[in-house]
Amino acid sequence: MNDERTISAIKNRDETAIKEAIKKYSKLLWSISSSVLSNIGSTQDVEECVADTFIYLWEHPDKYNPGRGKLKTWLSIIARTQAINRCREITKRNRIPLADTTFMEHLGIVDNILKKETRRMLIDAINALGEPEREILIRRYYYEQKPKEIALTLDMSAKQIDNRLYQAKLKLREALSKLN
């Protein structure tokens, strides 16, 4: 079935046509969605993006314009958009309030290893970093977020995140070396 016949059949609510489209394009849309969601989304997120793409096709077949490209391309764009929107949702969900500087209290290991004075100085050194270095450092080493996740949340590149982490660690090392 060609693109125009497929769309026409879907407009007429032919379930066979949508099933054919799903069979024909699922792997492609899965690949697109998973590449956008890599390192941030789950398999379930990818599945939902692909499913949402086919739901969109079923609900809005009239939005496809054969004069602008193939159905495959149009569905790919929709899947990519769905995945990007899912990335935004995930990063919004993962936003962390950073006003609370007592995060060190939750690390029992730190209490056993560092003396109270050293711990206080470490917290002071982290707080002295300023933004966004402080936030990046906390996200990376306390919340164990990957640089790519942090980059998406802070609207920066992963390379910028790596550079800021490196600079923040140098500053911390310098501040803590004054303790000895």
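Predicted model only: the values in this text are computed from it and were never measured. Per chain, residue numbering runs from 1 following the sequence as it is written. Given that this is a predicted model, residues contribute local features only at a pLDDT of at least 70 and side-chain atom pairs are listed and counted only at 80 or more, while totals for whole chains, interfaces and linings are drawn from all residues. Only hydrogens and water are set aside when side-chain values are computed; all heavy atoms of the structure are taken into account.

## Side note on unusual backbone geometry
Stated formally: Helix and strand assignments come from DSSP, with helices taken as H or I runs of at least 4 residues and strands as E runs of at least 2, each series counted from the N terminus. The classification of residues rests on relative accessible area computed with a 1.4 Å probe and restricted to protein chains. Under 20% of the type maximum is buried, over 50% is exposed, and intermediate values are partly exposed.
Each neighbour pair has its own omega, and for glutamate 131 with proline 132 the value is 0°, a cis peptide bond. Structurally, proline 132 is set in the loop between α6 (116-128) and α7 (133-142). Phi is positive for arginine 13, which is not a glycine, with a value near 65°. The partly exposed category is assigned to arginine 13, whose relative accessible area is 42%.

## Let's talk about the environment of isoleucine 123
Here isoleucine 123 shows up in helix α6. Along the sequence, isoleucine 123 and leucine 172 sit 49 residues apart, while their C-alpha atoms lie 10.0 Å from each other.

## Things to note about the pattern of salt bridges
Where charged atoms from two side chains of opposite charge come close, those side chains can pair. Quick note on the threshold: Only one rule defines a salt bridge in this text: a Lys or Arg side-chain nitrogen within 4 Å of an Asp or Glu carboxyl oxygen.
Here the structure, examined in full by the defined rule, presents seven salt bridges. Among the salt bridges present, the one from aspartate 45 reaches arginine 86, with a minimum N-O distance of 3.3 Å. Of this pair, aspartate 45 sits in helix α3 (residues 43-59) while arginine 86 sits in helix α4 (residues 71-93), and the two are 41 residues apart along the sequence. Across the pair, exposure class does not vary: aspartate 45 and arginine 86 are buried alike. Where glutamate 89 meets arginine 86, a salt bridge forms, and the shortest distance between an N and an O atom there is 3.6 Å. Of this pair, glutamate 89 and arginine 86 both sit in helix α4, three residues apart, roughly one helical turn. Residue glutamate 89 is classed as partly exposed on the basis of its relative accessible area, which comes to 43%. Judged by its relative accessible area of 9%, arginine 86 is buried. One network of salt bridges, with partners in common, ties together Asp45, Glu48, Asp52, Arg86 and Glu89.

## Concerning the nonpolar core
To keep it simple, the criterion reads: The criterion is simple. A nonpolar core is a set of buried Ala, Val, Leu, Ile, Met, Phe, Trp, Tyr and Cys residues joined through side-chain atoms within 4.5 Å. Between two residues, a contact is recorded if the distance between any of their heavy atoms is within 4.5 Å.
Tyr25, Leu29, Phe54, Leu57, Leu71, Trp74 and Leu75 are the most contacted members of the largest nonpolar core, which totals 18 residues. Taken together, the elements giving at least two residues each to this core come down to α1 (3-11), α2 (15-37), α3 and α4. Look past the residues within four positions of leucine 57 in its chain and what remains in contact with it is Ile7, Ile10, Ile18, Ala21, Leu71, Trp74 and Leu75. Judged by nonpolar contacts, the second largest core, of 15 residues, contains Ile126, Ala151, Ala168 and Leu172.

## Some thoughts on the confidence of the model for the protein chain
As a reminder of what qualifies: pLDDT is a residue-level measure of predictor confidence that goes from 0 to 100.
Overall, the prediction assigns the protein chain a mean pLDDT of 82, with 84% of residues at 70 or greater. Between the elements of the protein chain, mean pLDDT differs from a low of 49, seen in helix α5 (residues 108-113), to a high of 92, seen in α3.

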